Amino acid sequence: MSIFEYNGSALVAMVGKNCFAIASDRRLGVQLQTIATDFQRVYKIHDKLYVGLSGLATDAQTLHQRLVFRHKLYQLREERDMKPETFASLVSALLYEKRFGPYFCQPVIAGLGDDDVPFICTMDCLGAKELAKDFVVSGTASESLYGACESMYKPNMEPDELFETISQALLASVDRDCLSGWGGYVLLVTPTEVQEKILKGRMD
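Bear in mind that the values here come from a model prediction, so they are computed numbers and not experimental data. (Residues numbered from 1 in each chain as written. Predicted model: local features only at pLDDT ≥ 70, side-chain atom pairs only at ≥ 80, totals over all residues. Heavy atoms only, no water.)

Trainee: How do you make sense of the sheet that holds strand E5 (residues 42–46) when you look at a structure like this?
Mentor: Strand pairing in a sheet relies on backbone hydrogen bonds. The paired strands run either parallel or antiparallel. Reading across from one edge, E5-E6-E7-E8-E9 is the order of the 5 strands in this open sheet, with antiparallel pairing throughout. The strands lining the two open edges of the sheet, one partner per strand, are E5 and strand E9 (129–132). Sheet twist, expressed as the mean angle between neighbouring strand axes with direction ignored, is 20 degrees. On the sheet, helix H1 (residues 57–78) packs against E5, strand E6 (49–55) and strand E7 (105–112) and is oriented at approximately 155 degrees with respect to E6. (Pairing = 2+ DSSP bridges. Helix = DSSP H or I, 4+ residues; strand = E, 2+ residues; numbered from the N terminus. Axes fitted to C-alpha atoms, helices over the stretch in contact; angles between N-to-C directions. Contact = heavy atoms within 4.5 Å.)

Trainee: Is there a simple way to explain the sheet that holds strand E11 (residues 184–189) in this structure?
Mentor: On the basis of which strands lie adjacent, the open sheet formed by 5 strands has the order E10-E1-E2-E11-E12 and antiparallel pairing. The open sheet terminates on both sides in strands that have one partner only, identified here as strand E10 (135–139) and strand E12 (194–199). Sheet twist, expressed as the mean angle between neighbouring strand axes with direction ignored, is 10 degrees. Bridge count between strand E1 (residues 10–15) and E10: 5 bridges; the pairing is antiparallel. Directly across from leucine 11, in E10, lies its bridge partner serine 138.

Trainee: When you look at a nonpolar patch on the surface in this model, what are you seeing that I'm missing?
Mentor: There is a patch of nonpolar side chains on the surface, built from Met1, Ile3 and Tyr6 and spanning about 280 Å² of accessible area. Mapped onto the fold, isoleucine 3 is located in the segment before E1. (Patch = residues over 30% accessible without salt bridge, like charges linked within 9 Å, V, L, I, M, F, W, Y side chains within 5 Å. Areas by Shrake-Rupley, 256 points an atom, 1.4 Å probe, with all protein chains shown as cover. Salt bridge = Lys/Arg side-chain N within 4 Å of Asp/Glu carboxyl O.)

Trainee: It is not clear to me how the packing of H1 against helix H2 (residues 84–97) should be interpreted in this structure. Could you clarify?
Mentor: For any two helices packed against each other, one specifies the crossing angle of their axes together with the interaxial distance. The N-to-C vectors of H1 and H2 enclose an angle of 130 degrees; their axes lie 11 Å apart at closest approach. Accordingly, the angle class assigned to the pair H1 and H2 is oblique. By crossing handedness, the relation of H1 to H2 is classed as right-handed. Counting all contacts with H1, which are made through Leu63, Arg66, Leu67 and Arg70, the residues of H2 involved are Phe87, Leu90, Val91, Leu94, Leu95 and Glu97. Partitioning the contact of H1 with H2 into residue classes produces 7 nonpolar, no polar and 3 charged. (Parallel < 35°, antiparallel > 145°, perpendicular 65-115°, else oblique. Left-handed = near helix turned anticlockwise from the far one by under 90°. Nonpolar A, V, L, I, M, F, W, Y, C, P; charged D, E, K, R; others polar.)

That is the geometry; function is a separate question.
What follows is the structure in structure tokens.
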């Protein structure tokens, strides 16, 4: 078993019309044993920027603390919030810095940039970025997430439709992966509000 599969995870971010959604499962396991069913994988950097961390849970928590620290330093120096593109470069550099003993995490970054244009990207544990205009996925359920998202996604969705699409894609995908699941967590971010929702899924 790969170290990335040790705790199990499922992460997906999707773009809509001037909005985005980022969703994750809630299971924390040690291989096939379930430890917790309310584990947080999506972290807030600021009101319009979120990062999801799949992979090894301990590294994800450490990496989150370092990212928050670096963003606070940026806020003090620049007196403004970081743009999503800048933050993606920061995460990439931070991961590449540790390439000989990497954080076993695959981040998914989602944010609203200038003029409320959504930005999403993911990267591997060495910081190689993969940019997308529609959706990005990460975690042990990524293969089934690709299939579900490919079939359900359409461009320029309104927030309500985007929420429904990402929720259905996540729930359908984690049912086909025994290392992730146990409900879902969805964040829907528009220029004016942030909606946070917990999904009930198969609890096994």
